[in-house]
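This is what each chain is made of:
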Amino acid sequence: MRHRRQLESCPTLFDGYLAVDWSANNKPKRGADSIWIAACGWGGFSEPRNPATRMKAMACIEALIKSATREGKRLLCGFDFPFGYPASSARMLTGRDGWEAVWSRIAELVEDGPDNTNNRFEAAAKLNAAFDGDGPFWGHGLKHDIPGLPRKKPTWGEHLPPNRRHAECEVRKAQEVWKLFYPGSVGGQALTGIAALERLRHRTGAKIWPFETLGEGGTHVLAEIYPSLVEPAPGPEVKDARQVRAVAAALERLDVQGTLAWHLRAPQNLPSTVRTEEATILGMQDPKSFQAAAEGP
């Protein structure tokens, strides 16, 4: 799938494009509701890959990034989980301001094994311990109770940070980042995903969008995506596979068209906390153009 412009006067920002549908499963899993990776452009593969564990998925992604670095290529890697928490969360959770404090703390707490076993619920309980009364993280379906992690959503009060980021206020079907269990929960994906990317960025030098870059520079970029922004074409594959294929293709086509840069710079016009703490969804500002790109020329 190569639709690259040939004119040197209008080069693309990136050489390759990844879209990753993440999962917080506690056991190895393939198929629906598991990890899917699609790649277009340089290093791309014809069919989405479906590694059974997060460790295998990250090994695949890291190998591709390092190979691209050796060949002087630049990758844009999109991951389907929130990259941040609502404004003021960082100081409440860690005693420090900014996204780096939160990412560092999550990486310290979250343990993720080669068989997908992880302690995301216990890590959330430890993060909740920073608050007087109930903390913001909630939800689990375990048979035993976890002290500090309520099964149901706590009553939201002034002692807690906002319930939603700017992104969830704009994309109403996106779920709140504090929700760790029950249908539509993304909280566990955020905890396991941020821990994985915190380690990846230090090993590869990749920059986090929109915190460290708005697309400028020469390093690889890791960005938050929301595959449900696009409706993939029908087909025999599970929807997760079709969605990441559509998103990766959309990123490449937008770059070829010269409009990906606009999407990457969009956070300049959003609240300042988006760039310092919350993060946002790539493509959120103009989902119609994302859908059009996903559908192809």
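To start, this report covers the structure provided alongside it. Because the structure is predicted, anything quoted here is derived from the model rather than measured. By convention here, each chain's residues receive numbers from 1 onward along its written sequence. A pLDDT threshold of at least 70 governs which residues receive local features in this predicted model, and a stricter bar of 80 or more applies before side-chain atom pairs are shown or counted, although totals over entire chains, interfaces and linings include all residues. In computing side-chain properties, one takes all heavy atoms of the structure into account and sets aside hydrogens as well as water.

Another point: the pattern of salt bridges. Note on definitions: salt bridges are taken to be side-chain nitrogens of Lys or Arg within 4 Å of carboxyl oxygens of Asp or Glu. The final tally for this structure, using the stated rule, is 15 salt bridges. Across the salt bridge formed by Arg201 and Glu198, the nearest N and O atoms sit 2.8 Å from each other. Placement of the pair is Arg201 and Glu198 together in helix α6 (residues 187-204), with a separation of 3 residues, close to one helical turn. The residues Arg201 and Glu198 share a single accessibility class, namely buried. Note that Glu212 and Arg201 form a salt bridge whose closest N and O atoms lie 3.6 Å from each other. Placement of the pair is Glu212 in the loop between β4 (207-208) and β5 (221-224) and Arg201 in helix α6, with a sequence separation of 11 residues. Between buried and exposed lies partly exposed: a residue is buried under 20% and exposed over 50% of the maximum accessible area for its type, with that area taken using a 1.4 Å probe on protein chains only. Classification of Glu212 as partly exposed rests on a relative accessible area of 29%. Put simply, DSSP H or I for four residues or longer makes a helix, DSSP E for two residues or longer makes a strand, and each gets a number counted from the N terminus.

Before going further, it helps to examine the side chain of Thr192. Relative to the helices and strands, Thr192 is located in helix α6. On the basis of relative accessible area, Thr192 is assigned to the buried category, the value being 1%. Within polar-contact distance, the side chain of Thr192 engages the backbone oxygen of Gly188 at 2.9 Å. For Thr192, the residues in contact, after removing those within four places along its chain, are Trp22, Ser23, Ala24, Arg54, Val110, Asp112, Asn118 and Arg120. The definition of a polar contact used here is a pair of N or O atoms within 3.5 Å, where within protein one atom must be able to donate a hydrogen and the other to accept one, and adjacent residues in sequence count solely through side-chain atom pairs. Contact between two residues is taken to exist if any of their heavy atoms lie within 4.5 Å; hydrogens are not considered.

Residue position: Gln243 is located in helix α7 (residues 239-257). On the basis of relative accessible area, Gln243 is assigned to the buried category, the value being 8%. Here Gln243 is in contact with Pro227, Ser228, Val230 and Pro232, once residues within four sequence places are set aside.

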